[in-house]
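Architecture at a glance
Next come the chains, spelled out residue by residue.
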Amino acid sequence: MSVELLGFNIDDLTFDKGIEKAKLLIDSAKVSQVITINPEMLQNAEKDSNFANIINNAEMVIPDGIGVEIGLKLSGYKVKRIPGVDFSKKLLKESAISSIPVAIIGAKEEVIVKAIENLKKEINGLNIVYYHNGYFSDDNKIYAELKQKSPKLILVALGSPKQEEFIYNAKNIINPALMIGIGGSLDVWSGYVKRAPKIFQILGLEWLYRTISQPSRFKRIFPTLPMFLIKVLTYKNKIL
């Protein structure tokens, strides 16, 4: 089941149901894309028809962040957010149980190496068959290496919209896999960026914690979030 926000469909799933669907996509006979959507991405899609097309063709779109959850609530839907960093970590754990081959792409070399080191310490049996930092100019070279290694779960941390475009373009090139854009998750897993305390996570206020700890993010969140919510209300009134 899906719900609509600013003309885009978003999966209406609990965290556990989302994991179940993702595991089915890992086992499917095609390359599938999961998008962890946030307000910035939705606003970008309004201006960029190519990016909008990528969202519309994704096999799964989950609400990542409190902004999308609030937007959905304003639109009349009670859909809980599914933080991408938690979602992808859980899939890594599920993959380890069945020794599913994993690939991770993105971030600086020292960040991805440290993230993988930490993940392997935390997740027993994690089978990472390929990794590459995010600093490359030849996508086809990476696609060729992915095709050779045949991972079934591929996490891509290149920032949006680059990671979504990279995944979308891979669909007709690499072997069947589930690919997820994970944004800044590698920074968190490496320990270079501290995750918000649990109470902030539970209340959906990680964005506030990050803004307090990294004041440079203020310009990114404001006026983006307020303007996004105004657009949601305006869009809702237009279709009523």
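Everything here concerns the structure above.
This one's a predicted model, so the numbers in the text were calculated from it and none came from an experiment.

Here we come to helix 2 (residues 39–47). Among all positions in helix 2, only Pro39, Met41, Leu42, Gln43 and Ala45 are buried. By the N-cap criterion, in which a side-chain oxygen at the helix start approaches the backbone nitrogen of a residue two or three places on, helix 2 is capped by Asn38, the distance to Glu40 being 3.1 Å.

Before going further, it helps to examine the nonpolar core. Formed by 34 residues in total, the largest nonpolar core has its most connected members in Phe87 and Leu186. When residues of this core are traced back to their parent elements, those giving at least two are helix 1 (15–26), strand 4 (60–63), helix 5 (84–97), strand 5 (102–106), helix 6 (109–122), strand 7 (153–157), strand 8 (177–181) and helix 9 (185–190). Those residues in contact with Leu186 that sit more than four places away from it in its chain are Ile104, Ile105, Gly106, Ala107, Val111, Ile112, Ala115 and Ala157. By size, the runner-up hydrophobic cluster in this structure holds 23 residues, among which are Val3, Leu42, Leu72 and Val232.

Before going further, it helps to spend a moment on the sheet that holds strand 4. Judged by pairing direction, the sheet is parallel, and its six strands sit side by side in the order 4-3-8-7-5-6 without closing on themselves. Every other strand in the sheet has two partners, leaving strand 4 and strand 6 (128–132) as the edge strands with one partner each. Averaged over neighbouring strand pairs, the angle between their axes works out to 15° when direction is ignored. Where strand 3 (residues 31–37) meets strand 4, four bridges bridge the pair, whose relative direction is parallel. Paired with Val34 across the two strands is Met60, which belongs to strand 4. Relative to the sheet, helix 1 contacts strand 3, strand 4, strand 7 and strand 8, its axis offset from that of strand 4 by approximately 155°.

On the secondary structure map, Ser32 appears in strand 3. Ser32 gets classed as buried once you look at its relative accessible area, which sits at 0%. Each C-alpha atom of the pair Ser32 and Ala58 lies 7.1 Å from the other, and the pair is 26 residues apart in sequence. Ser32 has contacts with Leu25, Glu59, Ala177, Leu178 and Met179, leaving out every residue within four places of it along the chain.

Attention shifts here to the environment of Leu13. Residue placement: Leu13 occurs in the loop between strand 2 (8–11) and helix 1. In the structure, Leu13 is positioned 150 residues away from Gln163 in sequence and 23 Å away in space, judged by C-alpha atoms. Apart from the residues lying within four places of it in its own chain, the contact partners of Leu13 are Gly18, Lys21, Met60 and Ile82.

With that out of the way, let us pick up the pattern of salt bridges. Counted according to the given criterion, the structure contains 13 salt bridges. The shortest N-O distance in the salt bridge between Lys141 and Glu145 comes to 2.7 Å. In this pair, Lys141 and Glu145 both sit in helix 7 (residues 139–149), four residues apart, roughly one turn of the helix. Overall, the relative accessible area of 21% leaves Glu145 in the partly exposed class. Through salt bridges with shared partners, one network takes in Lys23, Lys90 and Glu94.

Before going further, it helps to spend a moment on the packing of aromatic side chains. How two aromatic rings sit relative to each other is given by the distance of their centres and the angle of their planes. Here the structure, examined in full by the defined rule, presents three aromatic pairs. The interplanar angle of 80° and the centroid separation of 6.1 Å between the aromatic rings of Phe15 and Phe87 together place this pair among those described as edge-to-face. With Phe15 in helix 1 and Phe87 in helix 5, this pair connects stretches of sequence that are 72 residues apart. Residue Phe87 is classed as buried on the basis of its relative accessible area of 0%. Stacked on the ring of Phe136, the Lys or Arg Lys162 has its end atom at 5.8 Å from the ring centre.

So, about the pairing of strand 2. Residues in a regular strand point their side chains to alternate faces of the sheet. Bridge analysis of strand 1 (residues 2–5) against strand 2 gives four bridges, and the strand direction is antiparallel. When the bridges of strand 2 are listed, Glu4 appears paired with Asn9. Between strand 1 and strand 2, which follow one another and run antiparallel, lie two residues, and Leu6 among them has a positive phi close to 55°.

Let's shift gears to the packing of helix 3 (residues 49–57) against helix 8 (residues 162–170). When two helices pack together, their arrangement is captured by the angle between the axes and the distance separating the axes. Their axes nearest at 10 Å, the elements helix 3 and helix 8 cross at an angle of 60°. Judged on the interaxial angle alone, helix 8 and helix 3 are oblique. Read as a crossing pair, helix 3 and helix 8 show a hand that is left-handed. On helix 8, the residues that touch Phe51, Asn53, Ile54 and Asn57 of helix 3 are Glu164, Glu165 and Tyr168.

Here the focus is helix 1. If you check helix 1, its first and last C-alpha atoms are 17 Å apart, about what 12 residues at 1.5 Å a residue would give, namely 16 Å. Taken together, the buried positions of helix 1 are Gly18, Ile19, Ala22, Leu25 and Ile26. Projected down its long axis, helix 1 carries its buried residues within an arc of 115°, all on one side. Exposed residues pointing more than 90 degrees away from the buried face of helix 1 are listed as Asp16 and Leu24. Packing partners of the buried residues in helix 1 comprise strand 3, strand 4, helix 5, strand 7 and strand 8.

Parameters and conventions
- Residues numbered from 1 in each chain as written.
- Predicted model: local features only at pLDDT ≥ 70, side-chain atom pairs only at ≥ 80, totals over all residues.
- Heavy atoms only, no water.
- Buried < 20%, exposed > 50% of the residue type's maximum accessible area, 1.4 Å probe, protein only.
- Helix = DSSP H or I, 4+ residues; strand = E, 2+ residues; numbered from the N terminus.
- Polar contact = N/O pair within 3.5 Å; in protein donor to acceptor, adjacent residues only side chain to side chain.
- Core = buried A, V, L, I, M, F, W, Y, C linked by side-chain atoms within 4.5 Å.
- Contact = heavy atoms within 4.5 Å.
- Pairing = 2+ DSSP bridges.
- Axes fitted to C-alpha atoms, helices over the stretch in contact; angles between N-to-C directions.
- Salt bridge = Lys/Arg side-chain N within 4 Å of Asp/Glu carboxyl O.
- Phe/Tyr/Trp six-rings, centres within 6.5 Å; stacked < 30°, edge-to-face > 60°.
- Lys NZ or Arg CZ within 6 Å of the ring centre and 35° of its normal.
- Parallel < 35°, antiparallel > 145°, perpendicular 65-115°, else oblique.
- Left-handed = near helix turned anticlockwise from the far one by under 90°.
- Expected span 1.5 Å × (residues − 1).
- Arc of directions from axis to C-beta.

Any link to function would need more than the numbers given here.
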